[in-house]
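So the chains spell out like this:
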Amino acid sequence: LRNDLSNPLWNYATQQKTAPGSTFKMVSSTAALCENIVDTHSKLKCTGIFDRFANEQYRCWIYPQGAHGSLNVTGGIENSCNPVFISVGLELGVDRYYHYFEKFGLLDKTGIDLPGETTGALIELNNLNQTELATSSFGQSFTVNMMQMASAFASLINGGTYYEPHVVMAIKNSDGATIQKINPVIVSKTVSAETCEFIKEAMYLTVQEGTATKAQVQGYV
């Protein structure tokens, strides 16, 4: 299926491959917490630029006007600080990173009840080098579909339970009687409820006072 809005079967959410960008930082944060790379009180450093690699420099969005300095994990999320997440990603390493790609369903189709779902494009495990690991930590150098990311996020909201996504809740006949009910299907357990609560609070603060204030929905708390 082509990216063609005139095609009635085209669905941007399930068929468009896109780099998730900063939305992926929730996965990076969660992985780092679960693997004890950081804890809720850890201090991480942003000098405005990350230049550990010989031919590459990765800048924080605030650079060159300044740097975030010392941040805890919540602060790193609130400020969407790339250098912080690069440090976290490199500490996690390739194998553990891939493990969380898998845990959050980013290697496979979600199984949603819509036609033509595709999967994104990830660098194969044995070809993932340090530079690409760094860029992956803040959601670049790979692609997913939007439903994959939405389902991963939903598992964090659901206390670590990953459900198979569905559009249809029930099928009814012309008389309004339910002839088929689509029951929730648990696919896996991603992370602990405790970790989810921490990440949810960090996401809330990001929208309330961090880099995503424009994403606030009036009347929704």
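In this text the structure is predicted, and so the values were computed from the model without any measurement.

What about the overall build of the chain?
- For the chain, the helix and strand inventory stands at 7 helices and 8 strands.
- What you see for the chain is a C-alpha radius of gyration of 19 Å, in line with the 17 Å of a compact globule of 221 residues.
- Put simply, the chain has 221 residues, and 42% of those count as buried.
- Sequence-distant contacts, at least 24 apart, represent 69% of the contacts inside the chain between residues at least 6 apart.
- By element, 50% of the accessible surface of the chain is carried by carbon and sulfur atoms, the whole surface being about 12100 Å².

Comments concerning empty space enclosed by the protein
- Going through the model one piece at a time under the given rule, you end up with 2 cavities of 30 Å³ or more.
- Lining the largest cavity, in full, are Ser29, Ala32, Val38, Leu44, Val73, Gly76, Ile77, Val84, Phe85 and Val88.
- Every element with two or more residues in the lining of the largest cavity is listed here: α2 (25-34), α3 (73-78) and α4 (82-103).
- For the lining of the largest cavity, a count of residues per class yields 8 nonpolar, 2 polar and no charged.
- Residues of the lining of the second largest cavity, tallied by class, amount to 6 nonpolar, 1 polar and no charged.

With respect to the layout of surface pockets
- Reported here for the largest pocket is a volume of approximately 690 Å³.
- Lys200, Met203, Tyr204, Thr206 and Val207 are, among the 21 residues lining the largest pocket, the residues nearest its centre.
- Listing elements by their share of the lining of the largest pocket, those giving two or more residues are α2, α6 (146-157) and α7 (193-209).
- Top element by residues in the lining of the largest pocket is α7. It accounts for 6 residues.
- Estimates place the volume of the second largest pocket at around 220 Å³.
- Lining the second largest pocket are 14 residues, with Tyr163, Glu164, Pro165, His166 and Pro184 positioned closest to its centre.
- Residue composition of the lining of the second largest pocket, grouped by class: 8 nonpolar, 4 polar and 2 charged.

The rules behind the values
- Residues numbered from 1 in each chain as written.
- Predicted model: local features only at pLDDT ≥ 70, side-chain atom pairs only at ≥ 80, totals over all residues.
- Heavy atoms only, no water.
- Helix = DSSP H or I, 4+ residues; strand = E, 2+ residues; numbered from the N terminus.
- Rg over C-alpha atoms; globule rule 2.2 N^0.38 Å.
- Buried < 20%, exposed > 50% of the residue type's maximum accessible area, 1.4 Å probe, protein only.
- Contact = heavy atoms within 4.5 Å.
- Areas by Shrake-Rupley, 256 points an atom, 1.4 Å probe, with all protein chains shown as cover.
- 1 Å grid on protein atoms, 1.4 Å probe; cavity = no way out; pocket = protein on both sides within 12 Å on 5 of 7 lines; lining within 4 Å.
- Points joined across faces, edges and corners; volume = space filled by probe spheres on them.
- Nonpolar A, V, L, I, M, F, W, Y, C, P; charged D, E, K, R; others polar.

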